[in-house]
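Inside the fold
As a plain string of letters, each chain reads:
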Number of protein chains: 2
Amino acid sequence: MADDPSGPVDEYGIPIIPDPSDAAQRKRQAIIDAALAEFLREGYSAASMDAITSRSGVSKATIYKHFGNKERLFLAVVGGILPTTYNDLKPFNSTIATAPDLRAALITLTLDWTRILLRPDIMSLRRLVIGEIDRFPQLGQLWYRVSYDMNNGPLIEAFTELSERGVLDAPDPALAVQQLVATTVGVPQLVRTFRPEAELDDAELTRQITSGVDLFLARYAA
Amino acid sequence: MADDPSGPVDEYGIPIIPDPSDAAQRKRQAIIDAALAEFLREGYSAASMDAITSRSGVSKATIYKHFGNKERLFLAVVGGILPTTYNDLKPFNSTIATAPDLRAALITLTLDWTRILLRPDIMSLRRLVIGEIDRFPQLGQLWYRVSYDMNNGPLIEAFTELSERGVLDAPDPALAVQQLVATTVGVPQLVRTFRPEAELDDAELTRQITSGVDLFLARYAA
DNA sequence: GTCTATAAAGTGATAGAC
DNA sequence: GTCTATCACTTTATAGAC
């Protein structure tokens, strides 16, 4: 019988030949995962292609076949993870314009945003992008655009609608959104940017965010 | 006559022998200047000691005699420039508690701060520190402490006094200062952090800062 | 203290076999 | 597409002369 196991077989004994492009896709993903971990740990310059090679389990030549060079790998990996990261923030936007209790809705929204954006992995990614902006200005533009599309943009629309309905008095909704984000998310985020290990229990975080929303409403509630 | 110019002489023809420790001090300063420029351009890892050597005009061995290794050089250079940089912000603090027109004083203060902190060299330094925080947590702590001592600290004192006199209603002066900074300096600074080349004319900057101060006073003016 | 010259290790990238 | 083996170069750091 010619059933020596020279490879994986299915339930009928038929060899499973992985779709070549499928295997390539999995290797590509393994490279991306390894590269992201390495870039986050070491930054762009100190990250070595050798280290990414051993982390990923594929050969260095394969990495170069897929991504060309180190710069393109970096852009592909970081540029690819950015929208994914910010996607977590999207579900919270839609309820603002129709919320019965605007204050409670704003607190919930900004508190959720803050909890996500303070996550250590997202903070590390943020520091990495900021530190490499002179070398990769595209990433700064991308970060800005993504955070605008996913967060500020929808909120501006909601504030515009709320102003028309007389609930808010925000003649410049775009600036109002920037200010709301600054007084809420911005406060703990600034601390964590420079002191990643700074303690911040949930009660204190809630207090800061609530105070920021109240500050915002003291000026903008109609 | 034994006046062959084998070295610089003073007005009497007496050779000027530079104080050895003085020459060393000047070389040390040349190294620091060259290193700062190189680190700002390239970041920590990509900056090469060779490049710093040729920029500074001294030999590589001299740099190592002075600073030991690359990490210590980086810490000495960046840690040394931080207080110097933030010193520019100090003169503006003292007048707040006694200002006849608090709104105007706050606008002047935050506008001056913002103009300084948005300077390209300071923004680059900030990006450098943020990007290297995993490697050099001390710099994050230092940045935080320096900006606290030079800015927030004095303002907190002023707000405390103004609250006691009934001019402000700020039960938590430390948080109020964080919020004021966030709604003023923080708004354009966040944009410039990710988009160094973003245009921002002075009229628009003034509008943002003024709006931030008015937001602050809507909640905290007694 | 300062220099020149060099050591020892690591870098990004590629040629050629399969 | 993927691998092994290797190239050409740069890196940080130091030894030894002055």
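To start, this report covers the structure provided alongside it.

**A few points about the environment of B:Ala47**
Residues and elements named next belong to chain B.
- Tracing the chain through its elements places alanine 47 in the loop between helix H1 (20-46) and helix H2 (49-56).
- Given a relative accessible area of 2%, alanine 47 falls into the buried group.
- Considered as a pair, alanine 47 and leucine 102 are 55 residues apart in the sequence and their alpha carbons are 46 Å apart.
- Discounting chain neighbours no more than four positions away, the residues touching alanine 47 are Glu38, Phe39, Glu42 and Lys70.

**Description of the protein's contact with DNA strand C**
- Around DNA strand C, 16 residues are found, and the nearest of them are A:Met49, A:Lys60, A:Tyr64, B:Ser59 and B:Thr62.
- Among atoms of DNA strand C positioned within 4 Å of the protein, sugar and phosphate together represent 59%.
- Contact distances for DNA strand C include 3.2 Å between a phosphate oxygen and a backbone N or O atom of A:Ala47.
- A distance of 2.8 Å is found between a phosphate oxygen of DNA strand C and a side-chain nitrogen or oxygen belonging to A:Tyr64.

**Focus on the layout of surface pockets**
- Computed from the structure, the second largest pocket encloses a volume of approximately 450 Å³.
- Lining the second largest pocket we find 33 residues, and of these A:Gly43, A:Gly131, A:Glu132, B:Gly131 and B:Glu132 sit closest to its centre.
- Of all the secondary-structure elements, those providing two or more residues to the lining of the second largest pocket are helix H1 (20-46) and helix H6 (120-131) of chain A together with H1 and helix H6 (120-131) of chain B.
- Residue composition of the lining of the second largest pocket, by class: 13 nonpolar, eight polar and twelve charged.

**Notes on the nonpolar core**
- Among the nonpolar cores identified, the biggest contains 117 residues, and A:Leu73, A:Ile96, A:Phe159, B:Leu73, B:Ile96 and B:Phe159 are the most heavily contacted of them.
- In terms of residues, this core owes the most to one element, helix H7 (residues 137-164) of chain A, which gives ten residues.
- Beyond its immediate sequence surroundings of up to four residues, A:Leu73 is in contact with A:Ile31, A:Ala35, A:Phe39, A:Met49, A:Ile52, A:Ile63 and A:Phe67.

**Considerations on the side chain of A:Gln179**
- Inspection of the secondary structure assignment puts A:Gln179 in helix H8 (residues 173-183).
- Setting aside residues no more than four positions away along its own chain, A:Gln179 makes contact with A:Tyr220, B:Thr183, B:Val187, B:Gln208, B:Ser211, B:Gly212 and B:Leu215.

Conventions used here
- Residues numbered from 1 in each chain as written.
- Chains lettered and ligands numbered in written order.
- Predicted model: local features only at pLDDT ≥ 70, side-chain atom pairs only at ≥ 80, totals over all residues.
- Heavy atoms only, no water.
- Helix = DSSP H or I, 4+ residues; strand = E, 2+ residues; numbered from the N terminus.
- Buried < 20%, exposed > 50% of the residue type's maximum accessible area, 1.4 Å probe, protein only.
- Contact = heavy atoms within 4.5 Å.
- Near = heavy atom within 4 Å.
- Polar contact = N/O pair within 3.5 Å; in protein donor to acceptor, adjacent residues only side chain to side chain.
- 1 Å grid on protein atoms, 1.4 Å probe; cavity = no way out; pocket = protein on both sides within 12 Å on 5 of 7 lines; lining within 4 Å.
- Points joined across faces, edges and corners; volume = space filled by probe spheres on them.
- Nonpolar A, V, L, I, M, F, W, Y, C, P; charged D, E, K, R; others polar.
- Core = buried A, V, L, I, M, F, W, Y, C linked by side-chain atoms within 4.5 Å.

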